[in-house]
Amino acid sequence: MESRGSFWKDLIHYARRRKKWWMLPIILILVLVGLLFLFTTSSVVAPLIYTLF
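Everything numeric in this text was worked out from a predicted model, so none of it was measured.

Definitions and cut-offs
Residues numbered from 1 in each chain as written. Predicted model: local features only at pLDDT ≥ 70, side-chain atom pairs only at ≥ 80, totals over all residues. Heavy atoms only, no water. Patch = residues over 30% accessible without salt bridge, like charges linked within 9 Å, V, L, I, M, F, W, Y side chains within 5 Å. Areas by Shrake-Rupley, 256 points an atom, 1.4 Å probe, with all protein chains shown as cover. Salt bridge = Lys/Arg side-chain N within 4 Å of Asp/Glu carboxyl O. Helix = DSSP H or I, 4+ residues; strand = E, 2+ residues; numbered from the N terminus. pLDDT = per-residue confidence, 0-100. Axes fitted to C-alpha atoms, helices over the stretch in contact; angles between N-to-C directions. Parallel < 35°, antiparallel > 145°, perpendicular 65-115°, else oblique. Contact = heavy atoms within 4.5 Å. Nonpolar A, V, L, I, M, F, W, Y, C, P; charged D, E, K, R; others polar. Expected span 1.5 Å × (residues − 1). Buried < 20%, exposed > 50% of the residue type's maximum accessible area, 1.4 Å probe, protein only.

Draft legend 1. Representation of a nonpolar patch on the surface in the model. Taken together, the side chains of Phe7, Trp8, Leu28, Val31, Leu32, Leu35, Leu38 and Phe39 define a hydrophobic patch exposed on the protein surface, amounting to about 830 Å² of accessible area. Only helix 1 (6–18) and helix 2 (23–40) provide two or more residues apiece to the nonpolar patch. For the nonpolar patch, the element with the highest residue contribution is helix 2, accounting for six residues.

Quick look at the structure:
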């Protein structure tokens, strides 16, 4: 069984090897937006987030 962080290590290794550094900010933003939605779906902050989007 693979370790938990191997996907991220593989992704960074791919970007470094193929010189695709432009992919990393896009992936980082997608992960941050996903975490934002995940953590705010049932919290007090949810109405504030809904007004932003």
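Draft legend 2. Layout of the confidence of the model for the protein chain. Across the protein chain, the average pLDDT comes to 78, with 79% of residues at or above 70. Ranking the elements of the protein chain by mean pLDDT puts helix 3 (residues 46–52) last, at 72, and helix 1 first, at 84.

Draft legend 3. A look at the packing of helix 1 against helix 2. The geometry of helix 1 relative to helix 2 is characterised by a closest axis approach of 10 Å and an angle of 150° between their N-to-C directions. Taken together, the axes of helix 1 and helix 2 lie roughly antiparallel to each other. Counting all contacts with helix 1, which are made through Trp8, Leu11, Tyr14 and Ala15, the residues of helix 2 involved are Met23, Leu24, Ile27 and Val31. Classifying every residue of the contact of helix 1 with helix 2 gives eight nonpolar, no polar and no charged.

Draft legend 4. Fine view of helix 1. For helix 1, spanning 13 residues, the distance from its first C-alpha to its last is 18 Å, which sits close to the expected 18 Å at 1.5 Å a residue. Within the sequence span of helix 1, burial applies to Ser6, Leu11 and Ala15. Looking at the buried side of helix 1, the elements it contacts are helix 2. Taken from the residues just after helix 1, Lys19 is the one with a positive phi, measuring 60°.

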